[in-house]
Every structure is written in C-alpha cells, then in structure tokens.
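# Coordinate inspection notes
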Amino acid sequence: MFSFDGAPDAGAEAGGVEPLREPWRRFFERLGPLGQADLDRRAALLARQIHEDGVTYNVYSDAGGTSRPWPLELLPALIEPEDWRQIEQGVAQRAALLNSVLADVYGEQRVLRDGLLPPALVLGHPGYLRGLQGQQPPGGLYLHIVAFDLARGPDGRFCVLAQRTQAPSGMGYVLENRLAVSRLFPQAFRELNVQHLASGFRRLVDTLQTLAAPCAQGEPPRLALLTAGPRNETYFEHAYLARYLGLPLVEGGDLIVRDERVYLKTVHGLEPVHGLLRRLDDDYCDPLELKPDSTLGVPGLLQAVRAGNVVMANALGTGFLESPGVQGFLPAMARRWLGHDLLLPSPPTWWCGEEAAWQAVQPELAGKIMHPSYPAPFGLGASRGLRPGFKPQQVEPDAVADWCERVASDPAGHTVQGAFAFSQTPVWSGGAVQPRGMTLRVFAVADGHGGWQVMPGGMGRTAETHAAVSMQYGGSSFDTWVLTDGPVDTFSMLPRPLHVDDLVKQQRPVASRTAENLFWMGRYTERTENNVRLARTLFTVLGEEDEQASPDVLDTLNGLAVSSGLVPPGVPSLTQSARLFERALIEALPKPGAYSVGYNLQALARTAGALRDRLSPEHWRLIRDMSEDFSQRMQAAPELLSEAEAVPALEWLGVQLAAVTGSQADRMTRDVGWRLLTVGRYIERLIAYAGVLRAFFERPAAAQPQGFDVLLALFDSTITFRARFQRRLELPALLDLVVMDESNPRALACILRRLRTELGKLPRRDDAGADTVAGLLAILPEQGVGVSLAELCEPLWQVDAAAHPIPRLTDQLAQAAARLSNEIGRCYFSHATAPDRLLAS
C-alpha cells in the first residue's frame, strides 16, 4: 500500500509501503474537507455514470452476455511535465520512423535489401499486402494515427512494449475516461494544470480532410468512420468517437465500390466517400482480395485504394509493424535513417527466425516473455494450416524444454522479449489506496506535413508483474492526466464558423442501414406498445367475474394473443381454461422468443444499439433501462410468477414506452431517418389495428357491451369515446372514432393521413424508379380509408361476413401496409441496380 507522508506505516513490514510522489500529494490535498473518506461515494458515482452513459466493452468469451460495463478506475494516473516531454519526443520519433519504414517496404525495399529488417519477418506476415506493393497513399502518409503501449521501469524511464498501426483502439475511451473522472475531481483537475485532449482529435479530422481533398475533385471531402458493427469489442467507442468527430458511422455493408470509387448507400442514393477512418483490421476490409469469408468489409475496396480515390486511415498493409519481432530491429533502423538512437527503448527482443538470436537467448529463456510473431489466424486461415496463435506469456523454468520444442518447429512464429517490471500507480480499492501496476497507451496523430502531434494523455491499463492485462481478460483502465508547467491548451473541437454556403453541405447523410434500423426501431416500439396494451387488457378480462365474460369476446382475445405471440399456439383457450391460459401468458411475457414482450424489447434494444451515434444518451438510456427493468421485475422462477408481478411490470413498462415515444416524437431531428422511423411506427400501427378491428367484427364481439369496451381499450380511445358519447354503445359512433376520425391518432384514417404526409416528404430516388414517392402513395387510399362511414355501418351480421366492408377494408389495409413496408425497403434500403436484381432473382 501507499504512505501519504513518505514513511512506512507503523505496522507495515520494511519495504512494504511506497511513498506517494509529489503530484499525488497535491492531488489528495484538493479532495475537499472529507478527503479520502469521500472516495467511496465518488466511486459509486463513477460506476453509476458509466452505467447511465452505456459505456460498454464487448467480451466475446462471456457466456452470460457479451456486453460489460467499461472498467474504469476512480483515481487518474498522473504524469509530470518532464516525464511527458520524454514521452512526447520519443513517441513522435517512433511514429515518424514507422511511417518511413512503411514507405520503404512498399517502395524500394532498401530496408530489406540492406538487412535492417528480415524479409521473412515482413513478407511472411499476413499484415503485409502484396497487392499494394508500389502503391503510395495520398500525401505519402501511411500512418495517420499510431498507438504505443508504454510502461515505466524501476529506473523511471519509459519503455515501448508494443505498437498498434492497423486500427488503433482506445481514443474514444480516452475521451470518455476524461469526461467521467474529471467531473468527479474538478478542483484537482483545474489546479493541477491538466492538459486538454481536444486538439488531437481536431488534428486527426483536419489531416484526413486535407488528404482527401484531391479525391473529392473540388467538392468538400466526405469522411466516415468504418466499424465492424455492434458485436465488435469496442463498438461503443466507435459510436462515441464518430459522434464526437462529427463523422457518420458506417459498416462495410453501408458502402459500395463502383468505377473504383467508394460510395455510401443513403436514402437519397449513392453518396461519394473520400476518406475512411477505419476501425477494422486489414484482413476484413475487402473480401475480394483479402479474407474471402469476411462479411464486414467492402468488396473492391483495395481497387479503389490503388486508384487513389479514397484515403484510408490507417493505410491498408500496415499490420506487419505490430509484430513484436519488429521491435528488435528498430534501434538499428533509427541509427541508419535518423542518425541517432531511439529516445524510448523497447525491452530486449529476439526474433527466433534469426538463428543467432535464438541461440543467444535460448540459454536464458526462463523468465523471458514469449510472444507470437504473427497474429492468430481465424476462419479460413485457421483451416489452411496457418500458424496457431497463443497469448504472450512468461516462460516458467519447468516449461523451457517445451518452449524450445515449439520454437524449433516454427522459429519465425516466436519472439522473445525480456521481462519488464512495471511501475505502480495508486488505485482506490477495498476502501484504501492500493498500488497497481500499469501501462499507458499513447496516441500520435500525423499533421500531414511530416510532423506528429502526441495527444497529452492516453489510456492507462492495469498490469500484472510482466504483462498488461487485456480488457478481454478482466483488466481495467485509468484516465491519464498530463500535468503541464505551461498554459493549458484551451482548443475546442468546434471548427471555424460556418458560412451560409456551407449549411447545405453540412447536412448529414442518412445511410440506408441507419434508415432501416430507424424504420424497424419505430416498428418494434409500436409493436411492443401494442403487445403491452393487449396483455394488460387480457389481465383485466381475466380478473372479471366469470359470468361477465362473453365467449365471443374471449375467443377473439384468445386469437389476438396467439397471433401477437403473447401465448404459444396449443395452449388451452380462455373458454377452455382461463387459469392455464393466464399461466402461459405470464410465463411467455419475459421470454426472448415467440415475439412476446420480452422478444420485442430485446429487438428494440438491439436495433437502438446499432444507432448509438444517432440517439441522444437519454433516448438510448430509456430503451436500455426499459428492457433491463422489465427483465428484473419478471426474473422470478416461471412457476412463482403471478399476476401480482406481471401487471405492475406491464404498467411500468407502459410508462417507459410513453417516454420513449415522446423522445421519438419530440426530441429527434426531422430528417429522412426520423420520417422513416415515423413511417415504420404507423405501418406497424395500421397492421395491428386493422387486425384488431377485423377480429372483433369477424365474430359479433364488438356488438356486446364487454367487447365494445375491450375494443375501445385496445384502440386506447376509451376516454375520448366517453367524453363524446358517454355510455352509448352504438357501433356507428365506435366506427366513427376508431376508423374515420382523423383527429384520433389511433383511428385508421388518422394513421393513413400521417403515412401520406410522411411518405410525401421522403426523397424521390432517381435510381429507384420514375417517381418513388408517387409509387408509395399509390399503395394507400387517396383520402380517408377509402370507404364512407355509411358503407361501414351496414349490419355486419345480416350479410355475408366475407363481403362486409369492415373485414374487406381491414384486409386491404393490412395488405397495403405490408406491401408498403416491402417497397420502402426496396427503394431506400437496397441499392441493387436492375442487372443486380435480375441476377439475384
């Protein structure tokens, strides 16, 4: 543990207490009157903030669910000004060296001919892409952002443990860590002169825009952030970073290559993309030339890169530099190319593909760290007999012989590094300040003119004795405060003021995948609301006296419950056994299958999760909490659940759904995405209410007092009807309210009017037909519901039911809604050309 006065505690063993360094004394002096006694409260606030913000990290091996709250320590790591100057200079030097190595390897390859870097280590690495040999990226810049994992040794010097050159992760988490921790210690953050982060993010965007300008041919360059999707381990960071940088978040399926140019599929058609900040490793970027079974990339992307029509940040083919084997050769390259030694060393490194290196380290192998020289293959790579991967691990004395055999079978696949004892930083754990080893990931951003800006801070991570702990295996992160003895950089991410001519260009495109997710978010929201209302109505009917129940009404409700997924088929009906029906209804409510409430909540949360970059934090939190709350309220064993748990859970869910629909209606920008969300809601509402109306008029349920009241409840129109007609139970008045009344948002006529309004404001796609919007509008009745109230009021039970206007009308409207949904998908979500569609068919 740590001592706050520099001397060991009275009961501590000699050497068991480490004195805190001077910056930490100043930090703890600024905690306020409660001092350390207040740290438990702040830790609880931090955990709550992480949960409320939905900051997550996906763990692939977690059987209980892939998403975990982001692990963040309460206390920041502090770096003094002199230490930061050492880091800043050393990181900038290494970044420049690595970019020079890439330029040479994909150019003249002098570094290979002169023996500075073994050809087998480069050309045998899957991160070297032969298809890009001789290709120079725009501006000659291969690395736009590079990350270095640093550790501080017992001598106080920082050392580079690893470098990340493909798609370095962590920048978004660095920003989130800063916002979360600094608000808990505002006085210390201000008075310790902590350097700000924003200028590094602005530099990244400016560099990409400058390099992408020639690709745009005079138009403002369009950038995007390429993600692997919601199941990626750092997807939260992708969405967070895209929002902060003001870039659209796109997946491989959102992009298409035509005529050697990259386009974004949007609801307006194909929009050019000139620069991609990628968070996708090389192998997955282009299934045509790289990993053929990848569904995450963009077919033809490498050809667009070769044509110089898109800037990739980072450039493809940089992955071989991440091999730990490269570390051992960088010092000699620095002396040859830079004329001086590296300012930040690496641990002693031996690439076993060099016989002399392996023979030198073999007698001293015990205690060293064994690394794989190449990344572990996945998918087709693993089935083709490529080198198996393993995690870096320390060589135990009794395992030396086994490791020697493994190295002998594949020398090039193994790299040995010297063990490194990490320095420690204070953490708050168990109600006390405890020491914990740490590493630091630092990011360098290119300025496009040969210079590098090192972000003042980084992502600290907990470390064991000899290795950093991956977030996949239970590690945690730190906010990192770089203290400055000069002025604090007050740069803001806000760009220059916009001119009038810029406003049109600043309209954010709505990707087709985003639009489709918004469309289905609207449908799932409405579907969940309808199911909740139907379930609550069922419990109300089940709670009434048996003699009050009408068989026609019970049969109608039974059919609706089965068709909506609230109860599985084959369950005894309400007229056969109300108790068994109720039992099946309660057990099915929280289940994720059968389209019940639990299923729709999960589908809604999953769809919203893919829209993290577009939804406000409050909106996302409402949807997430809604699913979690309902699950917790219904988490008792199925045999123990009863109406006493189900009804309050449904009532609270109804309140939460009202908040969600309010956010969708009043707190979202009225762009094309919002209109498609609204259209999705009204399509789902039209299908549901047409089905309910048909069911109640197919049997004479609506003509009975109980059925009359239940139908009003399902249309959420009881209050309005009673205000107008008091207790009159007349079908014309009912039909007027739930079918013809355009002022009632639940009436079919009002739903159709809203659909016509929103459809009329959708973009007219030149590549999807002569007049897309006119074709969509033609699916619906031109006015009202297409029939008059007088026609609907024919006595249903005096004519053939199949010929009566109500069943016929509801069938026509439900079919029109389904067709409208399909046509919207064809026009706005699919971008197949006519020949493509012929091939697909």
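Figured I'd write up the structure that's included with this text. The structure displayed is predicted, hence computed values, not measured ones. (Residues numbered from 1 in each chain as written. Predicted model: local features only at pLDDT ≥ 70, side-chain atom pairs only at ≥ 80, totals over all residues. Heavy atoms only, no water.)

### Examining the overall build of the chain
Defined as follows: Helix numbering and strand numbering both begin at the N terminus, where a helix is a DSSP run of H or I of at least 4 residues and a strand a DSSP run of E of at least 2. Buried, partly exposed and exposed residues are distinguished by accessible area as a fraction of the type maximum, computed with a 1.4 Å probe on protein chains only: under 20%, between the cut-offs, and over 50%, respectively. In this description, contact between two residues means that some pair of their heavy atoms is separated by no more than 4.5 Å. The Shrake-Rupley method, run with a 1.4 Å probe sphere, supplies the accessible areas, and residue values consider only the shown protein chains as cover.
Summing up its helical and strand segments, the chain has 31 helices and 23 strands in all. Burial status across the chain gives 54% buried among its 841 residues. Relative to all contacts within the chain whose residues are 6 or more apart in sequence, the contacts with residues 24 or more apart total 71%. Accessible area for the chain stands at about 35,500 Å²; split by element, carbon and sulfur atoms hold 52% of it.

### Details of helix α23 (residues 672-698)
Because each turn of an α-helix spans 3.6 residues, side chains separated by three or four positions end up pointing in the same direction. Here is the rule we go by: Here the expected span of a helix is defined as 1.5 Å times the quantity of residues minus one. Residues adjacent in sequence count toward polar contacts only when both atoms are side-chain atoms; beyond that, a polar contact is any pair of N or O atoms within 3.5 Å, and within protein one must be able to donate a hydrogen and the other to accept it.
Counted at 1.5 Å a residue, the expected span for α23 with its 27 residues is 39 Å, and the 38 Å between its end C-alpha atoms agrees. Here α23 lies mainly inside the structure; 22 of its 27 residues are buried. In this structure Asp671 caps α23, since a side-chain oxygen of it lies 3.2 Å from the backbone nitrogen of Gly673.

### Examining the sheet that holds strand β14 (residues 311-313)
Two strands in a sheet stick together by hydrogen bonds in their backbones, pointing the same way (parallel) or opposite ways (antiparallel). Using the following cut-off: Any two strands are treated as partners once DSSP identifies two or more bridges connecting them. Angular values range over 0 to 180 degrees, each being the angle between N-to-C directions of two axes fitted as lines to C-alpha atoms, with helices fitted over their stretch in contact.
One open sheet accounts for four strands, arranged β9-β8-β13-β14; its pairing is parallel. Edge strands, defined here as strands with exactly one partner in the open sheet, are β9 (249-251) and β14. When strand polarity is set aside, the average angle formed by the axes of neighbouring strands in this sheet is 35°. Relative to β9, strand β8 (residues 223-227) is paired through three bridges, and the arrangement is parallel. Bridge pairing in β9 links Leu226 to Val250. Relative to β14, helix α8 (residues 198-216) is tilted by about 155°, and along the sheet it contacts β8, β13 (275-278) and β14. Contacts from helix α9 (residues 235-245) reach β8, β9 and β13, with the element oriented near 175° to β8.

### Digging into the side chain of Thr528
By secondary structure assignment, the location of Thr528 is in helix α17 (residues 512-542). Once residues lying within four places of it in the same chain are set aside, the contact partners of Thr528 are Asn600, Leu601 and Leu657.

### Points about the nonpolar core
The nonpolar side chains of a soluble globular protein tend to be buried with one another. Test applied: Among buried residues, the Ala, Val, Leu, Ile, Met, Phe, Trp, Tyr and Cys ones that are joined through side-chain atoms within 4.5 Å form a nonpolar core.
Counting residues in hydrophobic clusters, the biggest one holds 132 residues, and the most contacted among them are Phe27, Leu117, Phe185, Leu276 and Trp481. Per-element accounting of this core gives the leading share, nine residues, to helix α3 (residues 81-105). Counting 99 residues, the second-largest nonpolar core is a separate cluster that includes Leu538, Leu601, Leu693 and Leu712.

### As for the pattern of salt bridges
Going by this rule: The salt bridge criterion pairs a side-chain nitrogen of Lys or Arg with a carboxyl oxygen of Asp or Glu, the two atoms within 4 Å.
Taken as a whole, this structure holds 48 salt bridges when the rule is applied. The closest approach of N and O atoms between Glu271 and Arg222, which form a salt bridge, is 3.0 Å. You can see Glu271 sitting in strand β12 (residues 269-273) and its partner Arg222 sitting in the loop between α8 and β8, a full 49 residues away along the chain. Exposure remark for Glu271: the relative accessible area of 22% places this residue in the partly exposed category. Arg222 gets classed as partly exposed once you look at its relative accessible area, which sits at 23%. Put simply, Arg753 and Glu742 hold a salt bridge, and the shortest N to O gap is 3.5 Å. Of this pair, Arg753 sits in helix α27 (residues 748-760) while Glu742 sits in the loop between α26 (731-740) and α27, and the two are eleven residues apart along the sequence. Because the salt bridges share partners, they merge into one network encompassing Glu526, Glu529, Arg533, Arg681, Arg685, Asp716 and Arg746.

### Examining empty space enclosed by the protein
The method is simple in principle: a probe with the dimensions of a water molecule rolls over the atoms, and the space it marks as empty is what remains. Heads up, the rule is: The distinction between a cavity and a pocket rests on a 1 Å grid over the protein atoms alone: a 1.4 Å probe fits inside a cavity but cannot get out, while a pocket stays open yet meets protein on both sides within 12 Å along at least five of seven lines, and a residue with an atom within 4 Å of a point counts as lining. Grid points are joined across faces, edges and corners, and a volume is the space filled by probe spheres set on the points. Polar here means any residue other than Ala, Val, Leu, Ile, Met, Phe, Trp, Tyr, Cys and Pro, which are nonpolar, and Asp, Glu, Lys and Arg, which are charged; Gly is therefore polar.
Summed over the entire model, instances satisfying the criterion amount to three cavities of 30 Å³ or more. Lining the largest cavity are Tyr106, Leu132, Gln135, Pro137, Pro138, Tyr142, Val305, Val310, Met312, Ala315 and Leu316. A class-by-class count of the residues in the lining of the largest cavity yields ten nonpolar, one polar and no charged.

### Examining the environment of Val416
Mapped onto the elements, Val416 comes out in strand β18 (residues 414-417). Taking relative accessible area as the criterion, Val416 reaches 0% and is therefore assigned buried. Once the C-alpha coordinates of Val416 and Leu365 are considered, the two residues, 51 residues apart in sequence, prove to be 8.1 Å apart. Residue contacts for Val416: discarding those within four places in its chain leaves Pro348, Thr349, Trp350, Cys352, Val361, Leu365, Lys368, Ile369 and Met370.

### Things to note about the sheet that holds strand β10 (residues 255-258)
Spatially, the three strands line up as an open sheet ordered β10-β11-β12, and their pairing is antiparallel. Taken across any chain shown, the strands that pair with only one partner, and hence form the sheet edges, are β10 and β12. On average, each strand axis in the sheet is inclined to that of its neighbour by 45°, with strand direction left out of account. Sheet analysis places strand β11 (residues 261-266) next to β12, joined by five bridges and oriented antiparallel.

### Side note on the side chain of His274
Looking at where His274 falls in the secondary structure, it is placed in the loop between β12 and β13. Excluding anything up to four places from it in sequence, His274 contacts Ala212, Cys215, Ala216, Pro220, Pro221, Arg222, Asn309, Val310 and Val311.

### Here's the deal with the packing of aromatic side chains
Two aromatic rings are characterised by how far apart their centres lie and by the angle between their planes. Put simply, the test is: The pairing test for Phe, Tyr and Trp rings, Trp by its six-membered ring, is centres within 6.5 Å, and the orientation test on the planes gives stacked under 30 degrees, edge-to-face over 60, and tilted for anything in between. Two thresholds decide whether a charge sits over a ring: the Lys NZ or Arg CZ must be within 6 Å of the ring centre and within 35 degrees of the ring normal.
For the structure on display, the rule yields 21 aromatic pairs. Their ring planes at 35° and their centres at 5.8 Å tell us that Trp24 and Phe28 sit as a pair that is tilted. Placement of both Trp24 and Phe28 in helix α1 (residues 22-29) is noted, with a separation of four residues, approximately one turn of the helix. Aromatic side chains Trp70 and Tyr173 sit 3.7 Å apart centroid to centroid with 10° between the ring planes, which places their arrangement in the stacked category. Highlighted residues: Trp70 in the loop between β4 (67-69) and β5 (77-79) and Tyr173 in helix α6 (residues 171-182), separated in sequence by 103 residues. Residue classification places Tyr173 among the buried residues on the basis of a relative accessible area of 2%. An aromatic cluster of at least three residues, connected via ring pairs, comprises Trp24, Phe27, Phe28, Phe185, Phe189 and Trp481. Residue placement shows Arg670 over the ring face of Trp674; its charged tip is 4.2 Å from the ring centre.

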